[in-house]
Amino acid sequence: ARSPVLAYAHATLSIVQLEWNQVEAASFSAHQAVELAEHWAQADTLHFALTCLQNACWAAGDLETAFSVNQRGLQVARHASPWFFRISACSEVELNVARGDLPAAARRLSELEPLVSRDAQRGRFLIAKVSLLYALGRYNEILQILQEPLDYLKAQGIYWTYLSLLPYRPLALHALGREQE
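Residues numbered from 1 in each chain as written. Predicted model: local features only at pLDDT ≥ 70, side-chain atom pairs only at ≥ 80, totals over all residues. Heavy atoms only, no water.

1. Here we look at the packing of aromatic side chains
Then, number 1: The tally for this structure, following the rule as stated, stands at 4 aromatic pairs.
Then, number 2: Between Trp83 and Phe84, the ring centres sit 5.4 Å apart and the planes meet at 40°, which makes this aromatic pair tilted.
Then, number 3: Judged by its relative accessible area of 52%, Trp83 falls in the exposed class.
Then, number 4: By relative accessible area, Phe84 is classed as buried at 13%.
Then, number 5: Pairwise contacts between aromatic rings join Tyr134, Tyr139 and Tyr168 into one cluster. (Phe/Tyr/Trp six-rings, centres within 6.5 Å; stacked < 30°, edge-to-face > 60°. Buried < 20%, exposed > 50% of the residue type's maximum accessible area, 1.4 Å probe, protein only.)

Pasting the structure below:
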């Protein structure tokens, strides 16, 4: 019998494959991870595997499948952990932005905001919020909310989130015609 740890290994491999832009391989690995996680019926493993599969589908341009996988992840998260729920809900916001369903993204974000602590608002939640604000053309608001979190993230060495947020500042400045800043 295969160990449940193997599901984590396949899911993590899919993350690396996405970083290498090996989207088909990432999708295959994430599918394997989901299959193994389902076999072992471990909610945390299944949620992680579904998140990886969602990201692989999104990278492949299959937003509808990514959204469907995300909804399944939300169902798993509801029975597992508020933290998992917040991860999937943030992804749902971003997927709705990518799909062009800004009202749905705004609704989910407003439902999610009261559930997110101040510290957690510097992570995935902030990425989801800023992506929605950018899609809505609310550039001044982006500039207002980004500076302190960017300074904090850089000082703390939280580079994945820092680098995910960093492009929004010059993009917002450009959209406002303030490239010189």
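Once you've had a look at it, read on.
2. Points about helix H3 (residues 43-59)
Then, number 1: For H3, spanning 17 residues, the distance from its first C-alpha to its last is 24 Å, which sits close to the expected 24 Å at 1.5 Å a residue.
Then, number 2: All of the buried residues along H3 are Thr45, Leu46, His47, Ala49, Leu50, Thr51, Cys52, Leu53, Gln54, Ala56 and Cys57. (Helix = DSSP H or I, 4+ residues; strand = E, 2+ residues; numbered from the N terminus. Expected span 1.5 Å × (residues − 1).)

3. Things to note about unusual backbone geometry
Then, number 1: Of note in this structure, Asn21 is not a glycine but carries a positive phi near 60°.
Then, number 2: Within the fold, Asn21 resides in the loop between helix H1 (5-19) and helix H2 (23-40).
Then, number 3: Positive phi is not limited to glycine here, since Ala41 has a value of about 55°.
Then, number 4: Residue placement: Ala41 occurs in the loop between H2 and H3.

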